[in-house]
Amino acid sequence: MFELVAVTLMLGLVLMVVYQGVDSVTHAIGGTERRLENLDEARVLMAVATKDIRTATRLQAGTSPFVLADKREVVFYANLNNDGTSGSVVENGPRRVRIYVDTNSELVEEVTKPDASSVPPTYTYNGAASRRFVGRYVANTASVPIFRYYDLNGTELTATPLSATDRLSAGSVRITLSIRRATGFPVANTTLVNTVRLPNVDYQQLLGG
């Protein structure tokens, strides 16, 4: 009887060690998978936001490309999906783009075409916006803004939303995306940072000879 009890205790200890090892491996594998998911999501969100903001442009000289420049939302005019090779001047005019985080922690993009009755360069945008879901799991806190704005000298414009004067000064945007899918695994946020210059802001196309 004594030997049976001793063997049972030893077997219990072995099984406990094996269980803890398997549990540890399971958590490690699950954590790695979640980190990869977060990284993939962050890359997609960053690629879209970077591409769109890089095309920000003024409607005319002396105006800002930004309608709104805040920490979690930006509205701007953009040379988006505009190759200038077909359609009228209005059809090829800048789009008004809104990028923001909704209440579900999803990054959303809304694009509005200029009205057909617009007279360049005083475009108007009263039509319905096309809405596109970009990605989810945005976990930026109040202390980690998604959008930060800098002038042409690299000085940060800290008062957000930017004033009309600061919007005129903006020459680049730093995008910080912190992504974390809710999970039982102890996985930290995946954070990507990219600074986007605004090359179209001071570009003036020469028309005619």
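Just so it is clear, the structure is predicted and the values come from calculations on it, not from any experiment. Residue positions are counted from 1 within each chain, in the order its sequence is given. Restriction of local features to residues with pLDDT of at least 70 applies here, the model being predicted, together with a cutoff of 80 or more for giving and counting side-chain atom pairs; totals for whole chains, interfaces and linings are based on all residues. Side-chain measures were taken over the full set of non-hydrogen atoms in the model, leaving aside hydrogen atoms and water.

**Description of the packing of aromatic side chains**
Right, on to step 1. Between the rings of Phe, Tyr and Trp (Trp by its six-membered ring), a pair exists once the centres lie within 6.5 Å; its type follows the angle of the planes, with under 30 degrees stacked, over 60 edge-to-face, and the other angles tilted. Across all of its chains, the model carries 3 aromatic pairs by this definition.
Right, on to step 2. Consider the rings of Phe66 and Tyr149, whose centres lie 6.0 Å apart with planes at 80 degrees: the pair is edge-to-face. Here Phe66 is found in strand β1 (residues 66-69), whereas its partner Tyr149 is found in strand β6 (residues 147-151), with 83 residues between them in sequence.
Right, on to step 3. Working definition: with a 1.4 Å probe on protein chains only, accessible area under 20% of the residue-type maximum means buried, over 50% means exposed, and in between means partly exposed. For Phe66, a relative accessible area of 3% translates into the label buried.
Right, on to step 4. Taken together, the ring pairs connect Phe66, Phe76 and Tyr149 into an aromatic cluster. Each helix is a run of DSSP H or I of at least 4 residues and each strand a run of E of at least 2, with the numbering of both proceeding from the N terminus.

**Comments concerning the pattern of salt bridges**
Right, on to step 1. Here a salt bridge means any side-chain nitrogen of Lys or Arg lying within 4 Å of a carboxyl oxygen belonging to Asp or Glu. Per the stated rule, a full pass over the model turns up 9 salt bridges.
Right, on to step 2. Linking Arg34 and Glu37 is a salt bridge whose minimum nitrogen-to-oxygen distance equals 3.8 Å. Residue Arg34 and its partner Glu37 are both found in helix α1 (residues 2-54); the two are separated by 3 residues, about one turn of the helix.
Right, on to step 3. When its relative accessible area of 19% is taken as the criterion, Arg34 is described as buried.
Right, on to step 4. Overall, the relative accessible area of 33% leaves Glu37 in the partly exposed class.
Right, on to step 5. Glu110 is the salt-bridge partner of Arg131, the closest N and O atoms lying 3.7 Å from each other. Of this pair, Arg131 sits in strand β5 (residues 130-135) while Glu110 sits in strand β4 (residues 107-112), and the two are 21 residues apart along the sequence.
Right, on to step 6. Each of Glu73, Arg98, Asp102, Glu110 and Arg131 takes part in one network of salt bridges that share partners.

**Focus: the pairing of β4**
As a general feature of sheets, a regular strand has side chains that alternate between the two faces.
Right, on to step 1. Taking burial as the measure, the 6 residues of β4 include 6 buried ones, the bulk of the element.
Right, on to step 2. Every second residue of β4 is oriented toward a common face, with Leu107, Glu109 and Val111 on one face and Val108, Glu110 and Thr112 on the other, all of them buried.
Right, on to step 3. Should DSSP find at least two bridges between two strands, the strands are regarded as paired. Of the strand pairs in this sheet, strand β3 (residues 95-101) and β4 are connected by 6 bridges, and their pairing is antiparallel. By the bridge assignment, Val101 is partnered in β4 with Leu107.
Right, on to step 4. Connecting the antiparallel pair β3 and β4 is a turn made up of 5 residues, with Ser105 showing a positive phi of about 60 degrees.

**Notes on the sheet that holds strand β2 (residues 73-78)**
Right, on to step 1. Spatially, 5 strands are ordered β1-β2-β3-β4-β5 in an open sheet, and the strand pairing comes out antiparallel. Taken across any chain shown, the strands that pair with only one partner, and hence form the sheet edges, are β1 and β5. Each adjacent strand pair in this sheet contributes to an overall mean axis angle of 20 degrees, direction not counted.
Right, on to step 2. In terms of strand pairing, β1 meets β2 through 3 bridges, oriented antiparallel. Paired with Phe66 across the bridge in β2 is Phe76. For every element, the axis is a line fit to its C-alpha atoms; helices are fit only across the contacting stretch, and the angle between N-to-C directions ranges from 0 to 180 degrees.

**Side note on the environment of Leu59**
Right, on to step 1. Considering the arrangement of structural elements, one finds Leu59 in the loop between α1 and β1.
Right, on to step 2. Residue Leu59 is classed as buried on the basis of its relative accessible area, which comes to 16%.
Right, on to step 3. Taking the C-alpha atoms as reference, Leu59 lies 8.9 Å from Gly93; in sequence the two are 34 residues apart.
Right, on to step 4. Ignoring any residue separated from it by four or fewer positions in sequence, one finds Leu59 in contact with Tyr77, Pro94, Pro121, Tyr123 and Tyr125. For this analysis, residues touch if any pair of their heavy atoms sits within 4.5 Å.

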